Amino acid sequence: VLHVLAPPFISRPHTDSEVVRSHGKRRRSFLRKKRDHSSSVITPPTIGLGAEGRASEDVAVPKDIDLMALPQLCFPGGLQVTNEQKDEQFHFLVFTDVFGNKTHGAVMQCYRPIMNIVEHNGAGYSKFSRLFSPYSFCVISKYPYFTALRDCLSCFLIQLKTCRLSDLEERVKEFAAKLSLVPIPPPGQLHLMFSLRPLTIILPSGEDKDHPPVDLDLHLPFLCFRPQQLLQVLSCLLQEQRVVLFSADWARLTLVAESFLLYLQPLSWQQPYVPVLARGMLDFLMAPTAFLMGCHLNHFEEVASETDDLILIDIDNGNVSTSCSETIDLPDIPPAAAECFTERCASLQLHFDLDQCHLASCTDINEHRTQRRVWQCNLNHDIQKITLELIVNIFRDVSNHLNYEHRVFNSEEFLKTREPAEQLFYKKVLETHIFHSFLKDRLNRKMDNFSRMELSTRSEIGFLMCYDRSGGDPKQSGRKNLNSLLAFLPSFCLVAVRTPAKPAKVFKLPDFPASLSFHSVQSYYSELIQQLGKAIFSVQHENSTLLARFYYLRGFINMLCSRRLDALSDFQNLYKTDTAIFPTQLVTWLVNSLHHDERHQADRRPELKRLILKVNNERPLVQPDDHVKKFELPRKHLQLEDFVRCVQESGIVKDVATIHRLFEALTDGHPNQVDPELFRVFYTFWKETEAEAQDVNLPSEVIDHLDNSECVYKLSSCVKTSHGVGKIAMTQKRLFLLTEGRAGFLEITKFRDIQEVKISSAPFLLLRIPSLRIQTTSRPEVFEANLKSETELWNLLVKEMWAGRKMADQHKDPQYMTQALTNTLLMDAVMGSLQTQKSISAASKLAYFDKIRHEVPMMVPKTTSETLKHKINPSLGLSEPQTVHVLLYTPGQLTCNGSGSEINPKLWVALSGGRVVVFDAASWSMLEDCIMVGESQLNCMLGLVQEQVWIGSQDSVIYIIDTHSMSCNKQLTEHRHEVTGLTLASFSPFSSHQTFSCSCDGTILQWDSSTLKVKRQLHLSCARLSSIQIHEGTLWCCKYSGELSLWYTNYNRRPFKTISLSGCSGVTCMIQVKDKIWVGCHGWSGVGGHFDGHLRSQVMVVDSETHTVVKELQAHSDSIQTLCSAEDRYVLSGSACRDGKIAIWKAQ
């Protein structure tokens, strides 16, 4: 290693004389070598630097780079002196430290003459020859800019060819210093462009913080291998095999290896990774662990013969083999996912010239490069979507076997859902580090591209399941393996895969200064700040995402120029544009480094004062819990708390109240604990019963009588009935008889048609055999079945389903039926596991709805029944009901892209702990089950025409959700106390909407909703400002009260009338819908903290003209917390956690 050049290259002059000399004829350069360190500052990301730098030391050669080993990698084939000039060659390096952090290098190898040789022959003639020695330049970066660094070195090569050897070192220094001036673009759709003559070079940005930029041609492996071979390679990597790449081209090794790893995203390779092995490093291949390495094709035979169990990938010849044989004896990727991938690959256009042959030839090299770059970017996007779809299809069902609360993955149950031919592949993959890391992200509910595609394709899978059921083939009434349906996907338009790449904005940096003195560099930065200011001004009302990237860049450059307050101001603006790229560590360092006078100036600027206060009050980051457990059966006695955890981990049921009843059933007559052997028997019986139900083969004649969603959950033994011999089958909707002999369907009854169920006895010779009698409204005669020993169990099951059906119909809540079905399956499992005389008594403890039917009047008041349309449960999938704090309805609309497609209306639900759930208000199906908006209680929501939802929180922040991306990347932090109200007003058809917010301390802010800036601030003196509302141009401000009072808007000294609400212990919320006022009331306290069948709170409907209560509606067992209107057609009410439901009312 002859020279090590590392930033910072330019330092501030230390004396006035140095400043004077810098303006003289011989302007001094402040280029410095690595050893010439001084006190440092955190520097922005540049091509040769880290992400945010360090505050304690200069950014130099990364510590994980071994300078002693670097020459071997720069000359991987060895240092060879030649007698002829060779062309320059490039290759790329990747260094990985013990923590998995990567550093990247681009190497240019050149040749220069080192000696002239004169040879004399006998005839007196002399022959001159020259010897050439290779030398290399290696540019090291924390970012994988392979193409950009190769372009930079290519430009530098032109200078090398014309410079003298004595000037070489100075030229290298200047080249390195110029690269260090180039900032790295923040994640998002903003690329940077700079000129390094004669080329214009682009630095693409990464998609997000978790994904580095893609600056290579991702289609290279497709040119080297067929899709089937690519699948073999990906299968080997997913199973963490020992993989070696071979090529005669050193550059090809790294580019192909990097492409393979990008294909696996979001799975991240966790094993040793050395894409280029020098000749002297071949012993690395003896490592016993899994790895991905690359070496020269000349070593293929040597490696294959001396090392066992290697996967050998010949890039140049497109072959995949093992060191033991020419075939690979490893399980393949599941065939349905593989077939889908192969069909997608056939649609790729991999040849630029073929794609561009209809266009005119480019006469400018940079124009040609731009065309090629756009084509490559679109192709990379298509390839990433296809490989992501492959990963989604392989691991689509993983989320169905996760328990998020206890961080458990039930691998055994997941494997049972796989086809037999696929199980070996999944068994190997499930044991790998790469899959374990993937599980951590799933359990952390990471919303990455995998999650987004998996969610967006659920509807296609659901459609295929319905399509498959209606096709007339024999069906199983249980689960369908989703992988078996993937083969149909290519025949459907999968929107998630065909979405075009988002257009990126390219920002051109100023030309590099002619001199690299301190003042020239400061002038360069000043010009860059001016250009960024113009860019900010041009997009501030159009594109907040792009605006955030410009603020981010300007903040970094301001920091480099020691403009700390301006830098903090730019970073503060990220709260209103995109918090996803907010550099928390850097801002904390900037705040701590402010001088005394700068701190005083910051205190006079409200936005900076708030930022500094927020940084100083920021709690230290707590590392997220990233452990992953596999479900294991208990080995010791289970108390109630352990029993709840164990049942939830097993995936049997999540609801805590149901688990408590199950615990009571299993401990009937025993100490207050569950024996581990009993739990094992119960768990085994549950799973066996589940599997038996899934394997019930129904003839097509029977399936034709069932709905698409119906499944057989319980099947009796063959018994004699009043309608012949057969098996009684129970679905979630009905009972039917599966007749013996020629299989046929005879409907016994739908659960809603049952009138009476009782146990009787039928004569048989001299005995009386227990039988079950069912009286229904659908037929005059009584159905009777001689179920013998099964009679008591079926009596419990049918009564529970009957009671659940009646409650579901009366309360318009389909979840009651789902819960009743769960109760019946648990009763069946308890009976099967106990096998004692008391087992029927124990199972009866789970007959929850039948118990309520006997203890509580089932009849819902007529007014309530006529007005109530539907009920939904926003806490579905959670262990306990959550309080519904706020509801917001946003209407549907046509999309603005001219496609004519529609966006359905949505219902936004704020639950406890900052959780937001989103429903499709057309079908009432859940779209998003968890958008986290801070960690505090949410108090208010407001929908804006700019396709945003504003949410006020107890932590004093207004969070803004983008309704298209369903992400919360903007925050308004101007309030100092709990935000309690939001309202929107437009005072005339020609004026823009005005948004108001209030906090509990009496502060009212008026916002410009386009710029997110405060236009006006008001303050009221009151104990607690609870809400605000606009009425006829007047802003009304309200505090909490237990009265319903009427005021004249033009005379507000006192209310002119007070309406008494009988049976109401307090008013919690109210809204106007047409000519009615809907009022939500407090509920009377229940017993035990859970729903007990009593409707304890009311929604009062008051006529706004007569001031009388016209309706008293009862649908919740806890206090009404919030009301909202859906286009004046429906009113929605949400209740506290003892109920946790949302009721949908007709507004007429």
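These numbers were taken from a predicted model, which means no experiment stands behind them.

1. Section: the side chain of Thr667
With respect to the helices, strands and loops of the structure, Thr667 is situated in the loop between α26 (656–666) and α27 (676–694). Separated by 2.7 Å, the side chain of Thr667 and the backbone oxygen of Phe663 make a polar contact. Each residue touching Thr667, except ones within four places of it in the same chain, is listed here: Asn672, Gln673 and Val674.

2. Considering the sheet that holds strand β11 (residues 402–403)
Sheet architecture is open: three strands sit in the order β11-β12-β15, paired in mixed fashion. Of all strands in the sheet, those with a lone pairing partner are β11 and β15 (629–630), marking the two edges. Bridging between β11 and strand β12 (residues 408–409) involves two bridges; their strand directions are antiparallel. Across the sheet, residue Leu402 finds its bridge partner in β12, namely Phe409.

3. Quick look at the pattern of salt bridges
Within this structure, the stated rule accounts for 43 salt bridges. Among the salt bridges present, the one from Lys173 reaches Glu169, with a minimum N-O distance of 3.5 Å. Note that Lys173 and Glu169 are positioned in helix α4 (residues 168–180) at a spacing of four residues, about one turn of the helix. The exposure class assigned to Glu169 is partly exposed, which follows from its relative accessible area of 27%. Here Glu710 makes a salt bridge to Arg734, at a shortest N to O gap of 2.7 Å. Residue Glu710 is located in the loop between α28 (700–703) and β17 (714–715), and its partner Arg734 is located in strand β20 (residues 734–739); the two are separated by 24 residues in the primary sequence. Given the relative accessible area of 1%, Glu710 is considered buried. Under the relative-accessibility criterion, Arg734 is labelled buried at 5%. Salt bridges linked by common partners bring Glu413, Lys416, Lys687 and Glu690 together as one network.

4. With respect to unusual backbone geometry
Cis rather than trans, the peptide bond between Arg197 and Pro198 has omega equal to 10 degrees. Backbone torsion omega between Gln265 and Pro266 reads 15 degrees, so that peptide bond is classified as cis. By the secondary structure assignment, Pro266 is in the loop between α7 (250–263) and β7 (273–274). Positive phi values are uncommon outside glycine, yet Lys812 reaches one of about 55 degrees. In this model, Ser956 sits at a positive phi of 75 degrees, which is unusual for a non-glycine residue.

5. Section: the nonpolar core
Counting residues in hydrophobic clusters, the biggest one holds 176 residues, and the most contacted among them are Phe137 and Phe395. Take this core: its biggest share by element is eleven residues, from helix α19 (residues 544–560). The residues touching Phe137, leaving out its near neighbours within four places in the chain, are Ala106, Val107, Met108, Cys110, Leu153, Phe156, Leu160, Leu168 and Val172. Residues Leu662, Leu735, Ala785 and Ile852 belong to the second largest nonpolar core, which totals 62 residues.

6. Section: the pairing of strand β34 (residues 958–962)
When you tally the buried positions in β34, you get four out of five residues, the bulk of the element. Judged from the five bridges that link them, strand β33 (residues 948–953) and β34 form a sheet pairing that is antiparallel. Bridging across to β34, Val949 finds its partner in Ile961. In the sheet, β34 pairs with strand β35 (residues 967–972) via five bridges, with the strands oriented antiparallel. Residue Tyr959 lies in a different strand from β35, and its bridge partner there is Gln971.

7. Thoughts on the sheet that holds strand β45 (residues 1076–1081)
Backbone-to-backbone hydrogen bonds pair the strands of a sheet. The strands run either parallel or antiparallel. Taken together, four strands build an open sheet; the order of strands is β44-β45-β46-β47 and the sheet is antiparallel. Two strands close off the open sheet at either side, each with one partner strand: β44 (1067–1073) and β47 (1109–1116). The average undirected angle you get between the axes of adjacent strands in this sheet is 20 degrees. Pairing of β45 with strand β46 (residues 1097–1103) involves five bridges; the strand directions are antiparallel. Considered in β46, the bridge of Trp1078 is made with Val1101.

8. Things to note about helix α30 (residues 815–834)
Over its 20 residues, α30 runs 28 Å from end to end, which matches the ideal 28 Å to within 8%, given 1.5 Å per residue. When you tally the buried positions in α30, you get 16 out of 20 residues, the bulk of the element. Phi turns positive one or two residues past the end of α30, at Gln835, with a value near 55 degrees.

9. So, the environment of Leu772
Turning to its location among the elements, Leu772 is positioned in strand β23 (residues 767–776). Considering only alpha carbons, one finds Leu772 and Val798, 26 residues apart in sequence, at a separation of 9.9 Å. When sequence neighbours within four positions are dropped, the list of residues in contact with Leu772 reads Val757, Lys758, Ile759, Phe783, Glu784, Ala785, Leu787, Thr791, Trp794, Asn795 and Val798.

10. Digging into empty space enclosed by the protein
Left-over empty space is what a probe sized like a water molecule reveals as it rolls over the atoms. Considering all chains together, one arrives at one cavity of 30 Å³ or more under this definition. For the largest cavity, the full set of lining residues is Ile728, Leu735, Ile748, Leu772, Ile774, Phe783, Ala785, Leu787 and Trp794. Residue composition of the lining of the largest cavity, grouped by class: nine nonpolar, no polar and no charged.

11. Here we look at the packing of aromatic side chains
Inspection of the entire model under this criterion finds 33 aromatic pairs. The ring of Tyr426 carries Arg418 above its face, with NZ or CZ at 5.4 Å from the centroid.

12. Considerations on α27
Side chains that are three or four residues apart share a direction in an α-helix, a result of its 3.6 residues per turn. Between the first and last C-alpha of α27 there are 27 Å, a value that for 19 residues agrees with the 27 Å anticipated at 1.5 Å per step. Those residues of α27 that fall on the buried side of the exposure criterion are Pro676, Leu678, Phe679, Phe682, Tyr683, Trp686, Lys687, Thr689 and Ala693. Buried residues of α27, viewed axially, fall in a sector of 160 degrees; they line one side. On the buried face of α27, the contacting elements are α12 (411–416), α25 (640–650), α26 and α30. For α27, the capping residue at the N-terminal end is Asp675, with a side-chain oxygen 2.8 Å from the backbone nitrogen of Glu677.

13. Concerning the packing of helix α29 (residues 791–811) against helix α32 (residues 848–855)
Orientation of α29 relative to α32, taken along the N-to-C sense of each, is 65 degrees, at an axis distance of 7 Å. When the axis of α29 is compared with that of α32, the two are roughly perpendicular. The hand of the α29/α32 crossing is left-handed. Within the contact between the two elements, α29 uses Lys799, Glu800, Trp802, Ala803, Gly804 and Met807 and α32 uses Tyr848, Phe849, Asp850, Ile852 and Arg853. Split into classes, the residues belonging to the contact of α29 with α32 amount to six nonpolar, one polar and four charged.

14. Looking at the packing of helix α20 (residues 564–572) against helix α22 (residues 584–592)
Where α20 meets α22, the axes come as close as 10 Å, and the angle between the chain directions of the two elements is 145 degrees. Here α20 and α22 pass one another in a crossing that is left-handed. The residues of α22 that touch α20, namely those facing Arg564, Ala567, Leu568 and Phe571, are Leu586, Val587, Leu590 and Val591. Residues that form the contact of α20 with α22 fall into these classes: seven nonpolar, no polar and one charged.

15. What to know about the confidence of the model for the protein
On average, residues of the protein score 83 in pLDDT, and 83% of them are at 70 or above. Note that pLDDT drops below 50 for residues 16–44; the model gives that stretch 70 contacts with residues more than four away or on any other chain.

16. Section: the environment of Asp1075
With respect to the helices and strands, Asp1075 occurs in the loop between β44 and β45. Along the backbone, Asp1075 and Gln1148 are 73 residues apart, and their C-alpha atoms lie at a distance of 9.9 Å. If we skip the residues at most four places from it in the chain, Asp1075 touches Val1102, Asp1103 and Ser1104. A distance of 3.1 Å separates polar atoms of two side chains, one belonging to Asp1075 and the other to Lys1076.

17. A few points about the pairing of β33
When you tally the buried positions in β33, you get six out of six residues, the bulk of the element. In terms of strand pairing, strand β32 (residues 938–944) meets β33 through six bridges, oriented antiparallel. Bridge pairing links Leu938 to Ser953 in β33. The antiparallel pairing of β33 with β34 creates a hairpin that spans four residues between the two strands, and Ser956 there sits at a positive phi of about 75 degrees.

Calculation criteria
Residues numbered from 1 in each chain as written. Predicted model: local features only at pLDDT ≥ 70, side-chain atom pairs only at ≥ 80, totals over all residues. Heavy atoms only, no water. Helix = DSSP H or I, 4+ residues; strand = E, 2+ residues; numbered from the N terminus. Polar contact = N/O pair within 3.5 Å; in protein donor to acceptor, adjacent residues only side chain to side chain. Contact = heavy atoms within 4.5 Å. Pairing = 2+ DSSP bridges. Salt bridge = Lys/Arg side-chain N within 4 Å of Asp/Glu carboxyl O. Buried < 20%, exposed > 50% of the residue type's maximum accessible area, 1.4 Å probe, protein only. Core = buried A, V, L, I, M, F, W, Y, C linked by side-chain atoms within 4.5 Å. Axes fitted to C-alpha atoms, helices over the stretch in contact; angles between N-to-C directions. Expected span 1.5 Å × (residues − 1). 1 Å grid on protein atoms, 1.4 Å probe; cavity = no way out; pocket = protein on both sides within 12 Å on 5 of 7 lines; lining within 4 Å. Points joined across faces, edges and corners; volume = space filled by probe spheres on them. Nonpolar A, V, L, I, M, F, W, Y, C, P; charged D, E, K, R; others polar. Phe/Tyr/Trp six-rings, centres within 6.5 Å; stacked < 30°, edge-to-face > 60°. Lys NZ or Arg CZ within 6 Å of the ring centre and 35° of its normal. Arc of directions from axis to C-beta. Parallel < 35°, antiparallel > 145°, perpendicular 65-115°, else oblique. Left-handed = near helix turned anticlockwise from the far one by under 90°. pLDDT = per-residue confidence, 0-100.

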